[in-house]
Amino acid sequence: MRGLGVLAVLAGGAFVLSGCSPVPPPEVTFFADGNTVRTGPFIHCDARVSSCEQNDGAEARLKVRPGKPVQISLPKEIVDTPWLVNVQYQDAAGNLQPVKQEFFSPGRQHAYTATAGPGDQLVVVEIQQISAATAIDGTGAAIEDEQGNPQLVVRGIWTLQVEPA
């Protein structure tokens, strides 16, 4: 009888501990050319960017033919915050083009399709989650952009490296 009591206490303790384990960071799903890959963030911080974790192995890879899009599905944990997408591609002549960036307000968009022109090859598609923190300089003053808006800080990065198919 005593053995069952100890077993019950241990089982209860395991249940309590499992309930307190940290929630894993959200994953982003990339679809391209009939293939799918899910990945966690390369870097992920709490909302105030006071605690961060880096995972060098979180870089996703997909083979994509020139001219084909990459579709992205984002979880609620990212969609409910400000986020942006960065897309870079090579033109048909092989010249690397500047990064295109698009910003999304919280709750407005759950998916995105990254495109390049016919014959162009997507190279990198990256999702960045924006934090509640703003950048500050060495004196503690907010860093502002050209329009006087506070510089936002990225708290999470999910990246897809495109391999030509």
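This text goes with the structure placed above it.
Residues numbered from 1 in each chain as written. Predicted model: local features only at pLDDT ≥ 70, side-chain atom pairs only at ≥ 80, totals over all residues. Heavy atoms only, no water.

*Asks:* Describe the layout of surface pockets, listing the residues and the values that go with them.
*Replies:* Computed from the structure, the largest pocket encloses a volume of approximately 210 Å³. The wall of the largest pocket is formed by 14 residues, among which Pro25, Pro41, His44, Glu53 and Gln54 lie closest to the centre. Where the lining of the largest pocket is concerned, the elements lending two or more residues are strand S3 (43-45) and strand S4 (52-54). Of the residues in the lining of the largest pocket, the class split is 7 nonpolar, 5 polar and 2 charged. Quantified by volume, the second largest pocket comes out at close to 150 Å³. Contributing to the lining of the second largest pocket are Leu84, Gln101, Phe103, Gln128, Ile130, Asp145, Asn149, Pro150, Gln151, Leu152 and Val154. Of all the elements in the fold, those that place two or more residues in the lining of the second largest pocket are strand S8 (100-104), strand S10 (121-134) and strand S11 (152-164). (1 Å grid on protein atoms, 1.4 Å probe; cavity = no way out; pocket = protein on both sides within 12 Å on 5 of 7 lines; lining within 4 Å. Points joined across faces, edges and corners; volume = space filled by probe spheres on them. Helix = DSSP H or I, 4+ residues; strand = E, 2+ residues; numbered from the N terminus. Nonpolar A, V, L, I, M, F, W, Y, C, P; charged D, E, K, R; others polar.)

*Asks:* Any chance you could break down the nonpolar core for me, citing the residues and the numbers?
*Replies:* Counting residues in each nonpolar core, the largest one holds 26 residues, and the members touching the most others are Phe30, Val70, Ile72, Val85, Ile127 and Leu160. Elements with a contribution of two residues or more to this core: strand S1 (28-32), strand S5 (60-64), strand S6 (70-73), helix H2 (76-79), strand S7 (83-90), strand S9 (111-114), S10 and S11. Sort the elements by how many residues they give to this core and S7 lands first, with 4 residues. Not counting residues up to four positions away in its chain, the partners in contact with Ile72 are Val28, Thr29, Phe30, Val85, His110, Ala111, Tyr112, Val125 and Ile127. (Core = buried A, V, L, I, M, F, W, Y, C linked by side-chain atoms within 4.5 Å. Buried < 20%, exposed > 50% of the residue type's maximum accessible area, 1.4 Å probe, protein only. Contact = heavy atoms within 4.5 Å.)

*Asks:* I'd like a rundown of the environment of Cys52, residues and numbers included.
*Replies:* Mapping Cys52 onto the fold places it in strand S4. Sequence separation between Cys52 and Gly156 is 104 residues; the distance between their C-alpha atoms is 8.9 Å. Sequence-distant contacts of Cys52, defined by excluding residues within four places in its chain, comprise His44 and Cys45.

*Asks:* Provide a residue-level description of the pairing of strand S2 (residues 35-39), including the pertinent values.
*Replies:* In this structure, S1 lies alongside S2, joined through 5 bridges in antiparallel fashion. Residue pairing for S2: Ala32 is matched across the bridge by Asn35. Turn length for the S1-S2 hairpin, with the two strands adjacent in sequence and antiparallel, is 2 residues, and the turn residue Asp33 shows positive phi of about 55 degrees. (Pairing = 2+ DSSP bridges.)

*Asks:* So what's going on with the pattern of salt bridges? Residues and values would help.
*Replies:* Scanning the entire structure with this criterion turns up 5 salt bridges. Of the charged contacts, one joins Glu27 and Arg38 as a salt bridge, the two residues approaching to 3.0 Å between their closest N and O atoms. Of this pair, Glu27 sits in the loop between helix H1 (2-19) and S1 while Arg38 sits in strand S2, and the two are 11 residues apart along the sequence. A residue is classified by how much of its surface remains accessible, and Arg38, at 54% relative accessible area, is exposed. One salt bridge in this structure joins Glu163 and Arg61, with 3.7 Å as the shortest N-O distance. Of the two residues, Glu163 is situated in strand S11 and Arg61 in strand S5; the sequence distance between them amounts to 102 residues. Assessed through its relative accessible area of 27%, Glu163 is described here as partly exposed. Judged by relative accessible area, Arg61 falls into the partly exposed class, the value being 45%. Among the charged side chains, a network of salt bridges with common partners joins Glu59, Arg61 and Glu163. (Salt bridge = Lys/Arg side-chain N within 4 Å of Asp/Glu carboxyl O.)

*Asks:* Please give an account of the sheet that holds S2 that cites residues and values.
*Replies:* The 4 strands are arranged S2-S1-S6-S9 in an open sheet whose pairing can be described as antiparallel. The open sheet has two edge strands with one neighbour each: S2 and S9. The mean inter-strand angle of the sheet, taken between neighbouring strand axes irrespective of direction, is 20 degrees. (Axes fitted to C-alpha atoms, helices over the stretch in contact; angles between N-to-C directions.)

No statement about biological role is implied by the geometric values presented.
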